[in-house]
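# Structural overview for review
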Amino acid sequence: MSSKPSFMRLTFLPVLVALSACTEIRASLVTAASDFEPKTAGEAPDALTPEFDGADAQRQRLPATLRLVASGLKGPTDIQPVPGEPGFLLVLGKNGEAHLVEIATGAKKKLFTHAVATESEQGLLGLAFHPRFTENRRFFLNYTPADGARRNRVAEWRWPKGETPREVKVLLDVLDPYPNHNGGQLAFGPDGHLYVGEGDGGWMNDPGGTGQDLSELLGSMLRLDVDRGATKSRPYGIPRDNPFVGKKGMRAEIWAYGLRNPWRYSFTRAGRLVVGDVGQSAEEEITYLEKGDNAGWDRVEGTACHEPAEGCDRKGLRRPIVTYGRDDGFSITGGYEVLAASPPKLKGLYVFGDYAMGRIWAMRLPEGDGTVERRALLSLGRFRAAISTFGRDGEGRVYVGAFDLGAIYRLE
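Residues numbered from 1 in each chain as written. Predicted model: local features only at pLDDT ≥ 70, side-chain atom pairs only at ≥ 80, totals over all residues. Heavy atoms only, no water.

### What about the overall build of the protein?
Heads up, the condition is: A run of H or I in DSSP becomes a helix once it reaches four residues, and a run of E becomes a strand once it reaches two; helices and strands are each numbered from the N terminus. The contact definition used throughout considers only heavy atoms, calling two residues in contact when any of these lie within 4.5 Å. With residues, only the protein chains shown are counted as cover, and all accessible areas are computed by Shrake-Rupley using a 1.4 Å probe.
The secondary structure content of the protein amounts to 3 helices and 27 strands. Counted over contacts in the protein with a minimum sequence separation of 6, partners at least 24 positions apart contribute 59%. For the protein, the accessible surface area stands at approximately 16,200 Å², while carbon and sulfur atoms represent 49% of it.

This is the structure in structure tokens:
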């Protein structure tokens with residue numbers, strides 16, 4: 001499995017690092033060393049069964065099966081239930097395609113194709129339906145535009161019944177120096193606001209220092225009010241209780257910061273935000289984020305000091321719920337709580353995985369600021385798939401996106 005690339009993390013040979021003198025040279029090296037382009041989807045197995053090895057061999061096991069729902073999907077990056085259509089999922093592909101999938105039959109229909117840049121980790125990355133979608137037919141898309149400067153874009157779309165969805169308004173463009181660490185997910189919180197996860201901009205070691213720079217939107221979790229407060233210069237509102245509103249030199253959109261690459265996050269039944277943040281060379285992490293939190297990058301990577309390598313300042317940093325190291329994987333994919341009654345042993349547990357190693361784990365999320373020891377993770381096994389995303393339908397069942405197989409599976 002060591003030859004499998006990590007969708008949200010890239011390790012460069014020392015010679016490439018030595019040759020990288022400027023941003024554009026570095027950006028070219030990122031693209032050259034990447035293998036994240038969706039391949040032509042072939043036959044996806046009807047079921048994937050687990051193997052237990054590495055550190056998982058010593059953990060408590062909760063064996064699971066991944067049951068095929070749909071195949072022929074190039075590079076799935078997001079799986080969302082369609083409000084008002086309980087039998088359907090909307091699946092995004094890195095290459096710009098969005099498919100409507102019927103859960104019961106696996107039948108799929110291409111809903112739209114949007115022009116996107118696809119170098120390295122760029123592409124069509126995230127979608128969130130408005131909480132009142134069935135009334136207003138609004139949804140929001142996060143992607144990297146195919147033209148112009150390299151940037152991450154959040155746009156509002158409309159999907160009139162019986163018609164093809166169309167983009168109606170660009171809300172936000174965030175300039176991005178490199179084609180990796182884009183983040184890209186969108187999610188509405190229980191407060192009705194839109195949460196936007198931005199990576200640190202790319203390359204290694206956060207060369208722009210964006211993770212700890214509150215004057216930059218990169219490396220942060222943003223929170224926008226898409227229903228009120230817009231102005232001519234800013235087509236979205238900023239919630240008044242955002243932590244940096246009115247503070248000189250700080251971006252008011254920022255809700256929390258110190259992120260390297262938040263690849264998949266979700267809200268719990270209790271309304272807490274759980275984020276999977278991809279590490280660099282030491283640790284992957286799952287973290288609760290609260291208003292104003294500093295997740296630590298690049299002062300720390302998970303629980304390990306990063307800058308400096310020893311004796312880093314941990315004051316005021318949010319501690320992760322759980323971390324894991326290179327014996328377990330290389331690129332975390334955050335997940336969801338299982339809300340469905342079936343399978344019963346998984347109900348109420350939070351499941352997440354690792355893209356590079358195909359492992360899936362489950363855990364009971366702690367209360368308050370509690371943590372979970374990595375040895376206490378329940379192992380669902382290692383699957384022969386690159387786990388790029390999770391999704392959850394209206395009944396609370398969890399789905400898994402297999403990037404390399406061009407397929408989505410249901411966790412059983």
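Once you've had a look at it, read on.
### Quick notes on the pattern of salt bridges
Side-chain pairs of opposite charge can arise whenever the charged atoms involved come near each other. Inclusion rule: In what follows, salt bridge is the name for a side-chain nitrogen of Lys or Arg lying within 4 Å of a carboxyl oxygen of Asp or Glu. Each residue is placed in one exposure class: buried if its accessible area under a 1.4 Å probe, protein chains only, is under 20% of its type's maximum, exposed if it is over 50%, and partly exposed if it falls in between.
For the coordinates displayed, the defined rule picks out 32 salt bridges. The residue Asp-173 makes a salt bridge to Arg-151 at a minimum N-O spacing of 3.4 Å. With Asp-173 in strand E10 (residues 166-175) and Arg-151 in strand E9 (residues 151-158), the pair connects residues that are 22 residues apart, well separated along the chain. With a relative accessible area of 35%, Asp-173 lands in the partly exposed category. Residue Arg-151 is classed as buried on the basis of its relative accessible area, which comes to 11%. Put simply, Arg-374 and Glu-283 hold a salt bridge, and the shortest N to O gap is 3.4 Å. Of this pair, Arg-374 sits in the loop between strand E23 (359-363) and strand E24 (378-382) while Glu-283 sits in the loop between strand E16 (273-277) and strand E17 (284-289), and the two are 91 residues apart along the sequence. Through salt bridges that share partners, Glu-51, Asp-53, Asp-56, Arg-59, Asp-328, Arg-359, Arg-382 and Arg-384 make up one connected network.

### Looking at the side chain of Arg-59
Test applied: N or O atoms closer than or at 3.5 Å make up a polar contact, with two conditions inside protein: a donor-capable atom paired with an acceptor-capable one, and, for residues adjacent in sequence, both atoms drawn from side chains.
Among the secondary structure elements, Arg-59 is positioned in the loop between strand E1 (47-48) and strand E2 (66-70). Residue Arg-59 is classed as buried on the basis of its relative accessible area, which comes to 7%. A polar contact of 2.9 Å, which involves the side chain of Arg-59, links it to the backbone oxygen of Arg-374. With residues near it in sequence (within four places) discarded, Arg-59 still touches Asp-328, Trp-361, Arg-374, Arg-375, Leu-377 and Ser-379.

### Observations concerning empty space enclosed by the protein
The condition is simple: Put simply, the grid is 1 Å and covers the protein atoms alone, a cavity is a trapped set of points that fit a 1.4 Å probe, a pocket is an open set with protein on both sides within 12 Å along at least five of seven lines, and lining residues have an atom within 4 Å of a point. Grid points are joined across faces, edges and corners, and a volume is the space filled by probe spheres set on the points. The nonpolar class holds Ala, Val, Leu, Ile, Met, Phe, Trp, Tyr, Cys and Pro. Asp, Glu, Lys and Arg form the charged class, and all remaining residues, Gly among them, are polar.
All chains considered together, the criterion is met by 2 cavities of 30 Å³ or more. Space inside the largest cavity adds up to approximately 50 Å³. In terms of lining residues, the largest cavity is bounded by Gly-258, Arg-260, Asp-277, Val-278, Gly-279, Glu-283, Glu-285, Ala-295, Trp-297, Val-300, Glu-301 and Gly-302. Grouping the constituent residues of the lining of the largest cavity by class yields 4 nonpolar, 3 polar and 5 charged. Of the voids in this model, the second largest cavity is the one considered here, and its volume is about 30 Å³. Taken together, Leu-73, Lys-74, Pro-76, Val-91, Leu-92, Gly-93, Asn-95, Glu-97 and His-99 form the lining of the second largest cavity. Mapped by element, the contributors of at least two residues to the lining of the second largest cavity are strand E4 (85-93) and strand E5 (97-102). Ranked by residues supplied to the lining of the second largest cavity, first place goes to E4 with 3 residues. Grouping the constituent residues of the lining of the second largest cavity by class yields 4 nonpolar, 3 polar and 2 charged.

### Examining the layout of surface pockets
A volume near 640 Å³ is recorded for the largest pocket. Forming the walls of the largest pocket are 30 residues, and the residues nearest its centre are Gln-80, Pro-81, Phe-188, Tyr-336 and Arg-392. The set of elements that each furnish at least two residues to the lining of the largest pocket consists of strand E3 (76-82), strand E7 (124-129), helix H3 (133-136), strand E11 (186-188), strand E15 (262-267) and strand E21 (332-337). Its residues assigned to classes, the lining of the largest pocket shows 16 nonpolar, 9 polar and 5 charged. Within this model, the second largest pocket holds a volume of roughly 300 Å³. Where the lining of the second largest pocket is concerned, the elements lending two or more residues are E4, strand E6 (108-113) and H3. Counting residues per element, the lining of the second largest pocket draws most heavily on E6, at 3 residues.

### Description of the packing of aromatic side chains
When we look at a pair of aromatic rings, we describe it by the centre distance and by the angle of the planes. Stated formally: Aromatic pairs are defined between Phe, Tyr and Trp rings, using the six-membered ring for Trp, whenever the two ring centres lie within 6.5 Å; interplanar angles under 30 degrees are classed as stacked, those over 60 as edge-to-face, and all others as tilted. For a ring to carry a charge above it, either NZ of a lysine or CZ of an arginine must fall within 6 Å of the ring centroid while also lying within 35 degrees of the normal to the ring plane.
In this structure the tally under the stated criterion is 15 aromatic pairs. Ring plane angle 50° and centroid distance 6.0 Å describe the contact between Phe-133 and Trp-159, whose orientation is recorded as tilted. One end of the pair, Phe-133, is in helix H3; the other, Trp-159, is in the loop between E9 and E10, and 26 residues separate them in sequence. Trp-159 sits in the buried class, given a relative accessible area of 9%. On the numbers, 5.1 Å between centres and 85° between planes, the contact of Tyr-195 with Trp-255 is edge-to-face. Taken as a pair, Tyr-195 in strand E12 (residues 194-197) and Trp-255 in strand E14 (residues 254-257) lie far apart in primary sequence, 60 residues in all. By relative accessible area, Trp-255 is classed as buried at 8%. A network of ring pairs unites the aromatic residues Phe-112, Phe-129, Phe-133, Phe-139, Trp-157 and Trp-159 as a single cluster. In this structure, Arg-260 packs its charged tip against the face of Trp-297, placed 5.5 Å from the ring centre. Lying across the ring of Trp-263, Arg-264 places its NZ or CZ 3.9 Å from the centre.

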